[in-house]
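Analysis of the macromolecular model
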Amino acid sequence: GTVALVFVIRSGQKRKLLPDGAEYRVKSSLMSAPEISLYRVLCGMTERTKYVVLPQIALVSVIDKVKGGGFRNELFRIADFCIADGRTFEPLLLIELNDASHKREERKLRDDKVNAICEAADLPVLTIEQGEQPQKIRSMLKKYL
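Residues numbered from 1 in each chain as written. Predicted model: local features only at pLDDT ≥ 70, side-chain atom pairs only at ≥ 80, totals over all residues. Heavy atoms only, no water.

Across its full length, the protein chain carries 4 helices and 4 strands. Sequence-ordered secondary structure for the protein chain, helices as α and strands as β, is α-β-α-β-β-α-β-α. Taking all 145 residues of the protein chain together, the buried fraction comes to 29%. Look at the contacts in the protein chain between residues 6 or more apart in sequence, and 60% of them connect residues 24 or more apart. Carbon together with sulfur atoms contributes 52% to the accessible area of the protein chain, which is approximately 10900 Å² in total. (Helix = DSSP H or I, 4+ residues; strand = E, 2+ residues; numbered from the N terminus. Buried < 20%, exposed > 50% of the residue type's maximum accessible area, 1.4 Å probe, protein only. Contact = heavy atoms within 4.5 Å. Areas by Shrake-Rupley, 256 points an atom, 1.4 Å probe, with all protein chains shown as cover.)

This is the structure we're talking about:
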């Protein structure tokens, strides 16, 4: 077991990796306060060994583009949650939280595209209104899980 590390030094070459003046900062949270609230509700309603609730899932993580021209840029959209099989991690359901941002026209178009992609892939999407009562969320989930 000897491990050898090889370093390649490029003399005099500096690659510009970031735009001038770019600044980056770690977000204070992966989710907004309403998303965290819904996440806790969903986790409390799903059997931990049977399902897993995954926040902030890119469509490209759960859907493959298997045919059709062009790039797969349309899959680089984020769903608020994915409920997956707890053993195999097969995606079973996407969940979108409808908050004030979903009322903007460009957001409605984005939501329509996500829904069309998921319908074509046969992956259900459940839309939950912000502030929805837990008992209603539970009955909505029962239709899919």
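All right, on to the environment of Leu94 then. By secondary structure assignment, the location of Leu94 is in strand β3 (residues 91-98). Given a relative accessible area of 1%, Leu94 falls into the buried group. Leu94 sits 31 residues away from Val125 along the chain, and the two C-alpha atoms are 4.7 Å apart. Each residue touching Leu94, except ones within four places of it in the same chain, is listed here: Leu59, Val62, Ala79, Phe81, Cys82, Cys118, Leu123, Pro124, Val125 and Leu126.

Bringing the nonpolar core into the picture now. General note: in soluble globular proteins, nonpolar side chains tend to be found buried as a group. One finds Leu38, Leu42, Ile95 and Leu141 to be the most contacted residues of the largest nonpolar core, which totals 17 residues. Where this core is concerned, the elements lending two or more residues are α1 (33-45), β1 (51-58), β2 (78-85), β3, β4 (125-129) and α4 (134-142). Other than its neighbours up to four places away in sequence, Ile95 contacts Leu38, Leu42, Ala79, Asp80, Phe81, Ile83, Leu126, Ile128 and Leu141. Residues Leu59, Cys82, Leu94 and Val114 belong to the second largest nonpolar core, which totals 11 residues. (Core = buried A, V, L, I, M, F, W, Y, C linked by side-chain atoms within 4.5 Å.)

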